[in-house]
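# Report on the structure
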2 protein chains.
Amino acid sequence: MSDTTMDPWVAQAERTLAGAGRKRGGARRAVLELLAAESCALTAVQIEDTLRSQRRAVSRASIYRILEELERVQLVQRVETGQAMVRYERVRGDSEEHHHHLVCDSCGVVMPFSDPALERAIAKVSERVPLAVVSEHEIVLHGACRQCAA
Amino acid sequence: MSDTTMDPWVAQAERTLAGAGRKRGGARRAVLELLAAESCALTAVQIEDTLRSQRRAVSRASIYRILEELERVQLVQRVETGQAMVRYERVRGDSEEHHHHLVCDSCGVVMPFSDPALERAIAKVSERVPLAVVSEHEIVLHGACRQCAA
DNA sequence: TTAACTGCAAAGAATTTGCATCGTG
DNA sequence: CACGATGCAAATTCTTTGCAGTTAA
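Quick summary incoming for the structure in this document. (Residues numbered from 1 in each chain as written. Chains lettered and ligands numbered in written order. Predicted model: local features only at pLDDT ≥ 70, side-chain atom pairs only at ≥ 80, totals over all residues. Heavy atoms only, no water.)

## Side note on the overall build of chain A
Each helix and strand counted, chain A has six helices and six strands in total. Sequence-ordered secondary structure for chain A, helices as α and strands as β, is α-α-β-α-α-β-β-β-β-α-β-α. When its C-alpha atoms are laid out on the principal axes, chain A stretches across 40 × 40 × 30 Å. For chain A, with 150 residues in total, the buried portion stands at 44%. Contacts in chain A between residues far apart in sequence, at least 24 positions, make up 52% of those at least 6 positions apart. Entry remark: accessible area of chain A is about 8,200 Å², with carbon and sulfur atoms responsible for 48%. The positive charge centre, built from 20 side chains, and the negative charge centre, built from 21, are 5 Å apart in chain A. (Helix = DSSP H or I, 4+ residues; strand = E, 2+ residues; numbered from the N terminus. Buried < 20%, exposed > 50% of the residue type's maximum accessible area, 1.4 Å probe, protein only. Contact = heavy atoms within 4.5 Å. Areas by Shrake-Rupley, 256 points an atom, 1.4 Å probe, with all protein chains shown as cover. Lys, Arg positive; Asp, Glu negative; His and termini not counted. Charge placed at Lys NZ, Arg CZ, Asp CG, Glu CD.)

In structure tokens, the structure reads:
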């Protein structure tokens, strides 16, 4: 696939990894393309199942290793939703929309949401807090989705 | 111990549990008193270690069962900090200060913080979101503590 | 006396690691 | 050719469950 048809986030990720002395690999590429296409956070098991159903199976161990590496170079971030498993999603650049998560505690569905006013409030409070640096933040709202509340 | 010397949160918890048909027990009481005295979130393992060092050892299985029960009746809530283990802390009433968490990704320390403006922003956004009900929210800021950044 | 509470040990489930092999640079 | 990438299986670690004995109501 040429660079012109490659997803820009995947291309950026490959460049970052190459710069860190990493070599390309089919398993990691498959994970990157899945994360690039996904709009919200997935668990490692969901990633494994999705890739297998796409006939591009990747072993669970590799998935965890790949996600760990991507998290280290800040291409991916973990999302914790209070459910059993950790979720992962690609990090959006500053120009892209930054989102947070809604969790229905009844059916377990996870949805993204974003709100500029909330981001401003977070940016402001980040300056007053007893941390020398605030590198990221995570917000999760729990409740009942319309379907479950009906 | 009489009600007048018992921590108010512990007393409230015992009442709630009695109302739910539960009987009193020493292990649960020890966990309740620890959570009442603690200002921030603890992991199950920290609870176990602390109680053992206070010579009031409680088995790990009981700790998990107790925390599960307390979470069910909303006396305790889980806090996920992106670290390996889930943490637990007592739920504050509306009159008490509601807090969120700061995590130093370098040394792992977890600290509480609170900000009224942020709470207002959350309350406002909760009304616009595609959930029928928003029952709670969790905010975690990650970064480097002053000690680690120095 | 009944049903809840607990501890201990075994079971489960998610994640990590060891090791041999394959593939990229 | 060297070192990273990957799969498989075993090992870890946190959490849950089964069971038997203890205790509150």
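## Quick look at the protein's contact with DNA strand C
Around DNA strand C, the structure places 24 residues, and the nearest of them are Tyr64 of chain A together with Gly25, Ala27, Arg28 and Ser62 of chain B. Of what DNA strand C places within 4 Å of the protein, 68% of the atoms are sugar or phosphate. Contact between DNA strand C and Lys23 of chain A: a base oxygen at 3.2 Å from a side-chain N or O atom of the residue. For DNA strand C, a phosphate oxygen lies 3.4 Å from a polar atom in the side chain of Arg24 of chain A. (Near = heavy atom within 4 Å. Polar contact = N/O pair within 3.5 Å; in protein donor to acceptor, adjacent residues only side chain to side chain.)

## Quick notes on the protein's contact with DNA strand D
Taken together, the neighbourhood of DNA strand D is formed by 24 residues, with Lys23, Ala27, Arg28 and Ser62 of chain A together with Tyr64 of chain B sitting nearest. Among atoms of DNA strand D positioned within 4 Å of the protein, sugar and phosphate together represent 67%. Lys23 of chain A is positioned with one of its side-chain polar atoms (N or O) 2.7 Å from a base oxygen of DNA strand D. Of all elements in the fold, only helix 2 (26-37) and helix 4 (60-72) of chain A together with helix 4 (60-72) of chain B reach the threshold of two or more residues within the surface near DNA strand D. Across the surface near DNA strand D, the residue classes break down as nine nonpolar, five polar and 10 charged. (Nonpolar A, V, L, I, M, F, W, Y, C, P; charged D, E, K, R; others polar.)

## A few points about the sheet that holds strand 2 (residues 76-79) of chain B
Note on sheets: strands pair through backbone hydrogen bonds, and any given pair is parallel or antiparallel. Residues and elements named next belong to chain B. With antiparallel pairing, the three strands of this open sheet are ordered in space as 1-3-2. Among the strands making up the open sheet, the edge pair consists of strand 1 (42-43) and strand 2. In this sheet, strand 3 (residues 87-90) lies alongside strand 1 in antiparallel orientation, the contact comprising two bridges. Within the sheet, the bridge partner assigned to Thr43 lies in strand 3 and is Arg87. (Pairing = 2+ DSSP bridges.)

## Describing empty space enclosed by the protein
Summed over the entire model, instances satisfying the criterion amount to five cavities of 30 Å³ or more. Reported here for the largest cavity is a volume of approximately 80 Å³. Lining of the largest cavity is provided by Gln77, Arg78, Val79, Glu89, His98, His99, His100, His101, Glu136, His137 and Glu138 of chain A. When contributions to the lining of the largest cavity are tallied by element, the ones reaching two or more residues are strand 2 (76-79), strand 4 (100-104) and strand 6 (131-145) of chain A. Counted by class, the lining of the largest cavity contains one nonpolar, six polar and four charged residues. When we break the lining of the largest cavity down by domain, the ones giving at least three residues each are domain 1 (1-94) and domain 2 (97-150) of chain A. In this structure, the second largest cavity encloses a volume near 60 Å³. Every residue along the wall of the second largest cavity is listed here: Gln77, Arg78, Val79, Glu89, His98, His99, His100, His101, His137 and Glu138 of chain B. Counting only elements with at least two residues in the lining of the second largest cavity, the list comes to strand 2, strand 4 (100-104) and strand 6 (131-145) of chain B. (1 Å grid on protein atoms, 1.4 Å probe; cavity = no way out; pocket = protein on both sides within 12 Å on 5 of 7 lines; lining within 4 Å. Points joined across faces, edges and corners; volume = space filled by probe spheres on them. Domains from an automatic or database assignment.)

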